[in-house]
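Descriptive structure summary
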Amino acid sequence: LAYKTTQDRYGYSNAVEKVTECFVNLKSVNYKEFYQAYSVGIRPSMIAIVDFFDYESAFFDGEEPSRLKIGNDYYKIIRAYNTEVFDYVELTLERDTRNGEVND
């Protein structure tokens, strides 16, 4: 999910959402990465491996995708990393407690 903030004619901000469907492979966060992130207040939940072209197509007017929905749960993308083979992007995810609400 990628978001772009727009303003209506009265000056109120609205978040416009772009949804891109893709397949992901999920894996757990390794021990070292989990505790390094946890020590600074970030709680990584899992890593999603996404096809590079699916990730690129999810951009919304230059804005990177910021969240991922898996089933009924939402996750914030806290890091995007291109693998050595540029066919995939690894997304480190943190469970989003807002679970669907966007107030950015």
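Heads up: the structure comes first, above all this text.
Here's a quick rundown of the structure.

Calculation rules
- Residues numbered from 1 in each chain as written.
- Predicted model: local features only at pLDDT ≥ 70, side-chain atom pairs only at ≥ 80, totals over all residues.
- Heavy atoms only, no water.
- Helix = DSSP H or I, 4+ residues; strand = E, 2+ residues; numbered from the N terminus.
- Contact = heavy atoms within 4.5 Å.
- 1 Å grid on protein atoms, 1.4 Å probe; cavity = no way out; pocket = protein on both sides within 12 Å on 5 of 7 lines; lining within 4 Å.
- Points joined across faces, edges and corners; volume = space filled by probe spheres on them.

**Digging into the environment of Ile49**
When you line up the elements, Ile49 lands in strand 4 (residues 44-51). Taking the C-alpha atoms as reference, Ile49 lies 16 Å from Tyr74; in sequence the two are 25 residues apart. Once residues within four sequence positions are removed from consideration, Ile49 is found in contact with Phe23, Val24, Asn25, Lys27, Tyr88, Val89 and Glu90.

**Remarks on the layout of surface pockets**
When its volume is computed, the largest pocket comes out at roughly 320 Å³. If you go around the largest pocket, you meet 19 residues; those closest to its centre are Leu1, Thr20, Cys22, Leu68 and Lys69. Breaking the lining of the largest pocket down by element, the ones donating at least two residues are helix 2 (52-57), strand 5 (67-70) and strand 6 (73-82). For the lining of the largest pocket, the element with the highest residue contribution is strand 5, accounting for four residues.

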